[in-house]
Amino acid sequence: MIKLALFVGIGGFLGSIGRFLLAQVFVKWFPGFSSVGTLAVNLIGCFILGVLVHSATKLDKEYFLLLTTGFCGGFTTFSTFGIENLNYLINNNINTALLYMAISLVFGLLAAFAGWYIGRLLIA
């Protein structure tokens, strides 16, 4: 268990650094769109995780976890959201996919607002 956690941690470390560096590159390329870095890493992370899901049987468990939970998790958690919804859609669970997307969007925004509001009260 500790060995697997270390693989995930190393992957997360590399993914987080990759997210930061790549986001900076995209912000320089498109200076008028401040969210372009986040958008780019989210889309790239979805693509990478999509490729890795099909490699699950070809990779050792340690390297699979390093690349998926670790790297993609550190790079972007949106990639997991994307692949989970894709699995729902592929398995014809359309209502579940739509519900998951709607709840994630609505409650994600509400949680962000609540955190922002509470932070503003605490700092003010």
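Every value quoted in this text rests on a predicted model; they were computed, and no experiment measured them. (Residues numbered from 1 in each chain as written. Predicted model: local features only at pLDDT ≥ 70, side-chain atom pairs only at ≥ 80, totals over all residues. Heavy atoms only, no water.)

### Re the side chain of S79
In step 1: On the secondary structure map, S79 appears in helix α4 (residues 78-90).
In step 2: Residue classification places S79 among the buried residues on the basis of a relative accessible area of 0%.
In step 3: Within polar-contact distance, the side chain of S79 engages the backbone oxygen of T76 at 2.9 Å.
In step 4: If we ignore the near neighbours within four places in the chain, the residues touching S79 are G45, C46, L49 and C72. (Helix = DSSP H or I, 4+ residues; strand = E, 2+ residues; numbered from the N terminus. Buried < 20%, exposed > 50% of the residue type's maximum accessible area, 1.4 Å probe, protein only. Polar contact = N/O pair within 3.5 Å; in protein donor to acceptor, adjacent residues only side chain to side chain. Contact = heavy atoms within 4.5 Å.)

### Structural notes on the pattern of salt bridges
In step 1: Scanning all chains against the criterion turns up 1 salt bridge.
In step 2: Put simply, E62 and K3 hold a salt bridge, and the shortest N to O gap is 3.7 Å. Residue E62 is found in helix α3 (residues 61-75), and its partner K3 is found in helix α1 (residues 2-29); the two are separated by 59 residues along the sequence.
In step 3: On the basis of relative accessibility, which here comes to 21%, the residue E62 falls in the partly exposed class.
In step 4: K3 gets classed as partly exposed once you look at its relative accessible area, which sits at 49%. (Salt bridge = Lys/Arg side-chain N within 4 Å of Asp/Glu carboxyl O.)

### Description of the UniProt feature "binding site: Na(+)" (unreviewed entry) in the chain
In step 1: Those residues carrying the UniProt feature "binding site: Na(+)" (unreviewed entry) are G73 and T76 in this numbering.
In step 2: Within the secondary structure, G73 sits in helix α3.
In step 3: As for its position among the elements, T76 is in the loop between α3 and α4.
In step 4: When its relative accessible area of 4% is taken as the criterion, T76 is described as buried.
In step 5: Apart from residues lying up to four places away in sequence, T76 is in contact with R19, V41, N42 and G45. (UniProt positions renumbered as here; feature names shortened; annotations may be inferred.)

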